[in-house]
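Each chain, written out:
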Amino acid sequence: MIKDITIGQYFPGNSVIHRLDSRVKLVLDILFLVILFTAQSYTGLLLGMLFMVLCYVLAKIKLTMILKSVKPILPLMIFTGILNLFFVKGETPLFKWQFIEIYPEGIDTALFMLIRVITLIVGMSLLTYTTSPIMLTDAIERLLSPLKKIHVPVHELSMMMTIALRFIPTLVEETDKIMSAQKARGAEMDTGGLVKKAKSLIPVLIPLFVSAFKRANELATAMECRCYHGGEGRTRLKVMHTAPRDYVAIGCMVLLLAAVIVINCFPVLP
């Protein structure tokens, strides 16, 4: 499962999704988030899911990446679904045994929340799949630039956010290497109860923290050697500019939002 974590990875390409302005992609992600939480029916969520699948096809990213982006958070999704299943009450229980009661409303809420979370993760992952860390940093900085007037260190904040996101795949790879090395030395990490499995992670966490601090120190040294001193006076190799395709993408997302609102007012399906 460690190898399946794809959050923060960037897949270079020349598709129409890759060529969208990174600022526009951030805005589109925010709009997509609003759409998912605005949808109150399965029809609205289905529209959002179909739209995201179309974006993956246009980005020429394999649909198997959708499964890889969802798989690491599968335990959390199952836990959330179980909570909704057993704690959402209704009028007539569908199943009752001692203190356990399952209502149709609980099943409906659990399924609805699972679909919403899956669509959310898939949509957010597409941003990092098609946007390089540098462009993502510039986009965040440009969108938050009005905060500079109240002396908010926008560039530093955006740089920290992007570096943290960029190092997720690196730390995942490092964790996998450490776990493989510990298993080669006879460590048993997949057997025993929950307490034993938690204790077996200690030989993994300690070298992982040491490696993370070492990489952070090396990165800081490299940035200092290249005379990095923040965003003041910094120039960019690639200047961001919008194109007609960006306005078309925004228009499509606005139409999708309007469609979801109409479906909420005139539901086709429950």
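Because the structure is a prediction, the values reported are computed rather than measured.

Novice: Looking at this model, I keep getting lost on the overall build of the protein. Mind explaining?
Specialist: The helix and strand tally for the protein stands at 10 helices and 2 strands. Going from N to C terminus, the protein has its helices and strands arranged as α-α-α-α-β-β-α-α-α-α-α-α. Here the protein, with 270 residues, has 34% of them falling under the buried criterion. Here the analysis covers contacts within the protein between residues at least 6 apart in sequence; of these, 74% occur between residues at least 24 apart.

Novice: For this particular structure, what's the right way to read the packing of helix α2 (residues 42-58) against helix α5 (residues 104-130)?
Specialist: Each pair of packed helices gets described by two things: the angle between the helix axes and the distance between those axes. With their axes 10 Å apart at the nearest point, α2 and α5 run at an angle of 25 degrees to one another. Of the possible angle classes, the one that applies to α2 and α5 is roughly parallel. Between α2 and α5 lies a crossing of left-handed hand. Residue-level contacts link Tyr-42, Leu-45, Gly-48, Met-49, Met-52, Cys-55 and Tyr-56 of α2 to Asp-108, Leu-111, Phe-112, Ile-115, Arg-116, Thr-119, Val-122, Gly-123, Ser-125, Leu-126 and Tyr-129 of α5. Tallied by class, the residues present in the contact of α2 with α5 amount to 12 nonpolar, 4 polar and 2 charged.

Novice: I'm lost on the side chain of Ser-125 in this one. Help?
Specialist: Structurally, the position occupied by Ser-125 is in helix α5. For Ser-125, a relative accessible area of 4% translates into the label buried. If near-sequence neighbours (up to four positions away) are discounted, Ser-125 is found in contact with Tyr-56 and Ser-69.

Novice: I tried to follow the side chain of Thr-119 on my own but got confused; where do I start?
Specialist: Among the secondary structure elements, Thr-119 is positioned in helix α5. Judged by relative accessible area, Thr-119 falls into the buried class, the value being 2%. If we skip the residues at most four places from it in the chain, Thr-119 touches Phe-32, Leu-36, Gly-48 and Met-49.

Novice: Looking at this structure, I do not really get the packing of aromatic side chains. What am I missing?
Specialist: Each pair of aromatic rings is reported with the distance of its centres and the angle of its planes. Applying the stated criterion across every chain yields a total of 3 aromatic pairs. An aromatic cluster is present here, built from Phe-11, Tyr-56 and Tyr-129 joined pairwise through their rings.

Novice: Can you help me understand a nonpolar patch on the surface in this one?
Specialist: On the surface, Leu-74, Leu-76, Ile-78, Phe-79, Ile-82, Leu-83, Phe-86 and Phe-87 cluster together into a nonpolar patch covering about 780 Å² of accessible area. In this fold, Phe-87 is placed in helix α4 (residues 74-87). Residue class for Phe-87 comes out exposed when judged on its relative accessible area of 64%.

Novice: Please clarify how the layout of surface pockets should be interpreted in this entry.
Specialist: Rolled over the atoms, a probe sized like a water molecule indicates the empty space that remains. As a volume, the second largest pocket reaches approximately 420 Å³. Lining the second largest pocket are 12 residues, and of these Ile-134, Met-159, Ile-163, Leu-219 and Met-223 lie nearest its centre. The set of elements that each furnish at least two residues to the lining of the second largest pocket consists of α6 (133-143), α7 (154-184) and α9 (202-225). Classifying every residue of the lining of the second largest pocket gives 7 nonpolar, 2 polar and 3 charged.

Novice: Got a minute to help me understand α7 in this structure?
Specialist: One turn of an α-helix holds 3.6 residues; hence residues three or four places apart share an orientation. Between its terminal C-alpha atoms α7 stretches 45 Å, which fits the 45 Å expected from 31 residues at 1.5 Å a residue. Along its length, α7 shows its largest kink, about 35 degrees, at Ile-168, and proline Pro-169 lies within four residues downstream of that point. Just past α7, the residue Gly-186 takes up positive phi, approximately 100 degrees.

Novice: Any chance you could explain the nonpolar core here in plain terms?
Specialist: One broad rule of soluble globular proteins: the nonpolar side chains tend to lie buried together. Met-52, Tyr-56, Ile-61, Leu-126 and Met-253 are the most contacted members of the largest nonpolar core, which has 30 residues in total. Going through the elements one at a time, α1 (22-38), α2, α3 (64-70), α5 and α10 (244-265) are the ones with two or more residues in this core. Residue contacts for Met-253: discarding those within four places in its chain leaves Leu-28, Leu-31, Phe-32, Ile-35 and Phe-51. Judged by nonpolar contacts, the second largest core, of 5 residues, contains Leu-26, Leu-136, Ala-139 and Ile-140.

Novice: Is there a simple way to think about the pattern of salt bridges in this case?
Specialist: Between side chains of opposite charge, a pair can form as their charged atoms come close. Under the criterion given, the structure shown has 2 salt bridges. Here Arg-23 ties to Asp-21 by a salt bridge, and the two come within 2.9 Å at their closest N and O atoms. Both residues of the pair, Arg-23 and Asp-21, count as buried. For Arg-215, the salt bridge is made with Glu-174, and the minimal N-O distance between the two is 3.1 Å. Separated by 41 residues along the polypeptide, Arg-215 in helix α9 and Glu-174 in helix α7 bring together distant segments of the chain. Classification of Arg-215 by relative accessible area gives partly exposed; the value is 31%.

Novice: What exactly am I supposed to notice about the packing of α4 against α5 here?
Specialist: Packing of α4 against α5 leaves a shortest axis separation of 7 Å and a crossing angle of 155 degrees. As summarised for this structure, α4 and α5 are arranged roughly antiparallel, according to the angle between their axes. Judged by the sense of rotation from one axis to the other, the crossing of α4 with α5 is right-handed. On the side of α4, the interface is formed by Met-77, Gly-81, Asn-84 and Leu-85, while α5 contributes Gly-106, Ile-107, Thr-109, Ala-110, Met-113, Leu-114, Val-117 and Ile-118. Class assignment for the residues of the contact of α4 with α5 results in 8 nonpolar, 4 polar and no charged.

Thresholds applied
Residues numbered from 1 in each chain as written. Predicted model: local features only at pLDDT ≥ 70, side-chain atom pairs only at ≥ 80, totals over all residues. Heavy atoms only, no water. Helix = DSSP H or I, 4+ residues; strand = E, 2+ residues; numbered from the N terminus. Buried < 20%, exposed > 50% of the residue type's maximum accessible area, 1.4 Å probe, protein only. Contact = heavy atoms within 4.5 Å. Axes fitted to C-alpha atoms, helices over the stretch in contact; angles between N-to-C directions. Parallel < 35°, antiparallel > 145°, perpendicular 65-115°, else oblique. Left-handed = near helix turned anticlockwise from the far one by under 90°. Nonpolar A, V, L, I, M, F, W, Y, C, P; charged D, E, K, R; others polar. Phe/Tyr/Trp six-rings, centres within 6.5 Å; stacked < 30°, edge-to-face > 60°. Patch = residues over 30% accessible without salt bridge, like charges linked within 9 Å, V, L, I, M, F, W, Y side chains within 5 Å. Areas by Shrake-Rupley, 256 points an atom, 1.4 Å probe, with all protein chains shown as cover. Salt bridge = Lys/Arg side-chain N within 4 Å of Asp/Glu carboxyl O. 1 Å grid on protein atoms, 1.4 Å probe; cavity = no way out; pocket = protein on both sides within 12 Å on 5 of 7 lines; lining within 4 Å. Points joined across faces, edges and corners; volume = space filled by probe spheres on them. Expected span 1.5 Å × (residues − 1). Bend = angle between axes of the 7 residues up to and from the residue. Core = buried A, V, L, I, M, F, W, Y, C linked by side-chain atoms within 4.5 Å.

Read these as spatial facts, not as claims about activity.
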